[in-house]
Amino acid sequence: MIWFNIISSTILQLFWKICNSDSFLDIIVAIPDMNTIGIFLGYGNGIFADLVKFPMDHGSVPSSVVVRDFNDDRNLDFGVVNNGTDNLKILLQTC
């Protein structure tokens with residue numbers, strides 16, 4: 001639970017997925033207070049790297065995130081639902 005202390009913000013959604021090609025589970029979080037999506041890359045032993053932030057547009061308030069290959073290029077992408085701007089944003093080749 002250390003990662004709650006690292007970001008000290010409200011987390012609206014937690015998502016587990018293998019984001020990079022190392023076959024270890026990673027944690028993806030939507031952090032609405034910071035208009036940010038974040039990733040904790042896993043080491044495969046229950047320990048995770050520091051938060052890597054992907055800032056969203058000002059006032060976007062991300063509430064949900066999904067990870068998949070949206071454009072069939074074999075690289076994982078993020079789909080982010082933003083409550084503040086009432087839209088869906090696709091971030092290509094994020095993972």
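Below: a short report on this structure. Computed from a prediction, not measured in an experiment: that's the story for all the values here. (Residues numbered from 1 in each chain as written. Predicted model: local features only at pLDDT ≥ 70, side-chain atom pairs only at ≥ 80, totals over all residues. Heavy atoms only, no water.)

Some thoughts on the overall build of the protein
Item 1. Helix and strand counts for the protein come out as 1 helix and 7 strands.
Item 2. Along the protein, helices (α) and strands (β) appear in the sequence α-β-β-β-β-β-β-β when read from the amino end.
Item 3. Counting across all 95 residues of the protein, residues that qualify as buried make up 36%.
Item 4. Once local pairs closer than 6 in sequence are excluded, the contacts in the protein between residues at least 24 apart make up 27%.
Item 5. Split by element, the accessible area of the protein, about 5600 Å² in all, is 54% carbon and sulfur. (Helix = DSSP H or I, 4+ residues; strand = E, 2+ residues; numbered from the N terminus. Buried < 20%, exposed > 50% of the residue type's maximum accessible area, 1.4 Å probe, protein only. Contact = heavy atoms within 4.5 Å. Areas by Shrake-Rupley, 256 points an atom, 1.4 Å probe, with all protein chains shown as cover.)

A few points about the nonpolar core
Most often, soluble globular proteins keep nonpolar side chains buried together rather than apart.
Item 1. Among the nonpolar cores identified, the biggest contains 11 residues, and these are Cys19, Ile28, Ala30, Ile37, Ile39, Met56, Val65, Val67, Phe78, Val80 and Leu91.
Item 2. When sequence neighbours within four positions are dropped, the list of residues in contact with Met56 reads Asn35, Thr36, Ile37, Pro62, Val80, Asn82, Lys89 and Leu91.
Item 3. Counting residues in each nonpolar core, the second largest holds 5 residues, with Ile27, Val29, Ile31 and Phe40 among its members. (Core = buried A, V, L, I, M, F, W, Y, C linked by side-chain atoms within 4.5 Å.)

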